[in-house]
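Given next are the chains, with one letter for each unit.
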Amino acid sequence: MAVRIGVLGAGQMGRTHAEVLSRDPRASVVAVADADAERAARLASALGARAVGDLEGLVACGIDLLVVATPNRFHAEAAARALERGVAVLCEKPMATSLKEARALFEAASRPGAFFVVGHNRRHAPVYRRVRALLDGGFRPLLANLKMHEGDYRTPSWVADPAVSGGFLYENLVHFFDLLEWLIGPVAEVSCLARGPFYADLNDFVVSFAFEGGAIAALTATGHASWLHPAEKTELVGDHAAIVVEGLDRVIHSPGDEAAVAIEDFARLSREERWGYRDQAAEILAAYLSGAKPCFSPARALRTLEIAEAIAAAAREGRSLKLGPPPSD
Ligand SMILES: NC(=O)c1ccc[n+]([C@@H]2O[C@H](COP(=O)([O-])OP(=O)(O)OC[C@H]3O[C@@H](n4cnc5c(N)ncnc54)[C@H](O)[C@@H]3O)[C@@H](O)[C@H]2O)c1
């Protein structure tokens, strides 16, 4: 029987998850809830699902898995309530808007039988899968340069309110905190300059990272660039070799010396495929159905927020800060 899915939050990401899941024969989106009843009704009717009022209404529909795609402030409570009722959870990032809440949710998500996964979709994106394969093939990053130039931190309107989003580090940069440890290794130390033009919240960041093992990285991020492509870029530099990732579209690999540069283009894939949403959903369903651990552990989700908090403290205190070791998985 298909996994019965409930979707909480019928905005951009709730719709994306619902559409991707509803195309997978192993899943059936049975109910949708949103604070805005009209939005819930629109998405539910497009998918042949029921529109209900809230999380309780979704649980009452007998769902197996809840997708949490509300603004960030509501993630932790919704996810914890679903887990309490034995419902599996796919929660959009970040898992919470404070470390305290994230730790409480981590405890609930780590109990035997709980299934909880945060949507760190870039791990499933073809560009980063390709980079991971190059690393597994022997490329050793010694230096990295990352940028995330989020063109408009005003859309949707709640993101620029740190009380709702948790702030720019939680809303935008958690993706890169996960990628950095996945691609390079444990972060050992961070320092940061941060400024706050245009919004209530800090939204210009220059962060430097030192990794266990000796690699170093720089990250610049802003909430007021234009959407000039590529708004995201990751460059890894090895031993006279380099990998460049442009947006989620292209991987350029220079193996060094006289070897030819290889360019792999993923730009023609659908958005769901390119951004990893399709494969993320497929892996989550496979794990849920087989009783395996989800593809992304609760400890990893908590770690992204520990890195965010260390960076915020480094900016406040004007000094570099060391981090403890990451989770072992
Ligand atoms: N992984 C990614 O690539 C990615 C991309 C964009 C957004 N996100 C995340 O997805 C989540 C949703 O973002 P979005 O862009 O879809 O936002 P959105 O504003 O488009 O949608 C949010 C929806 O939640 C509803 N809502 C608000 N409060 C609610 C509540 N208490 N209960 C139920 N519904 C409520 C709103 O009415 C709205 O329909 C956020 O956590 C965001 O960080 C992830």
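Remember, predicted model here, so these are calculated numbers, not experimental data. (Residues numbered from 1 in each chain as written. Predicted model: local features only at pLDDT ≥ 70, side-chain atom pairs only at ≥ 80, totals over all residues.)

1. Overview of the overall build of the chain
- The number of helices and strands found in the chain is eleven helices and 15 strands.
- Whereas a compact globule of 329 residues would reach a radius of gyration of roughly 20 Å, the chain reaches 20 Å, a difference of no more than 12%.
- For the chain, the spread of C-alpha atoms along the principal axes amounts to about 60 × 45 × 40 Å.
- A total of 329 residues make up the chain; the buried ones form 45% of that total.
- A sequence separation of at least 24 residues applies to 66% of the contacts in the chain between residues at least 6 apart. (Helix = DSSP H or I, 4+ residues; strand = E, 2+ residues; numbered from the N terminus. Rg over C-alpha atoms; globule rule 2.2 N^0.38 Å. Buried ≥ 20, exposed ≤ 12 C-beta atoms within 10 Å, placed from the backbone. Contact = placed C-beta atoms within 7 Å.)

2. Quick look at helix H10 (residues 277–290)
- For H10, which comprises 14 residues, the first-to-last C-alpha distance of 20 Å matches the rise-based estimate of 20 Å (1.5 Å per residue) to within 8%.
- Of the surrounding secondary structure, the elements contacted by the buried residues of H10 are strand E1 (3–8), helix H1 (12–22), strand E2 (27–33), strand E5 (88–91), strand E6 (116–118) and helix H9 (271–274).
- Two residues or fewer after H10 comes Gly291, characterised by a positive phi angle close to 80°. (Expected span 1.5 Å × (residues − 1).)

3. Details of the environment of Asp136
- Structurally, the position occupied by Asp136 is in helix H6 (residues 126–136).
- The class for Asp136 is exposed, based on 8 C-beta atoms found within 10 Å.
- Residues Asp136 and Leu183, 47 residues apart in the sequence, show an inter-C-alpha distance of 9.7 Å.

4. Points about the nonpolar core
- Leu8, Val32, Leu66, Ala79, Val89, Ala308 and Ile311 are the most contacted members of the largest nonpolar core, which has 99 residues in total.
- Contact partners of Leu8, with chain neighbours within four places excluded, come to Ala33, Leu55, Leu58, Leu66, Val67, Val68, Ala69, Thr70 and Ala78. (Core = buried A, V, L, I, M, F, W, Y, C linked by C-beta atoms within 7 Å.)

5. Regarding the site of the ligand
- In the neighbourhood of the ligand, 23 residues make up the surrounding shell, with Gly9, Gly11, Met13, Glu92 and Pro156 lying closest.
- Ranked by residues supplied to the shell around the ligand, first place goes to H1 with three residues.
- Looking at side-chain class alone, the shell around the ligand contains nine nonpolar, eight polar and six charged residues. (Near = placed C-beta within 6 Å. Nonpolar A, V, L, I, M, F, W, Y, C, P; charged D, E, K, R; others polar.)

Interpretation note: all reported values are geometric properties and have no functional meaning in isolation.
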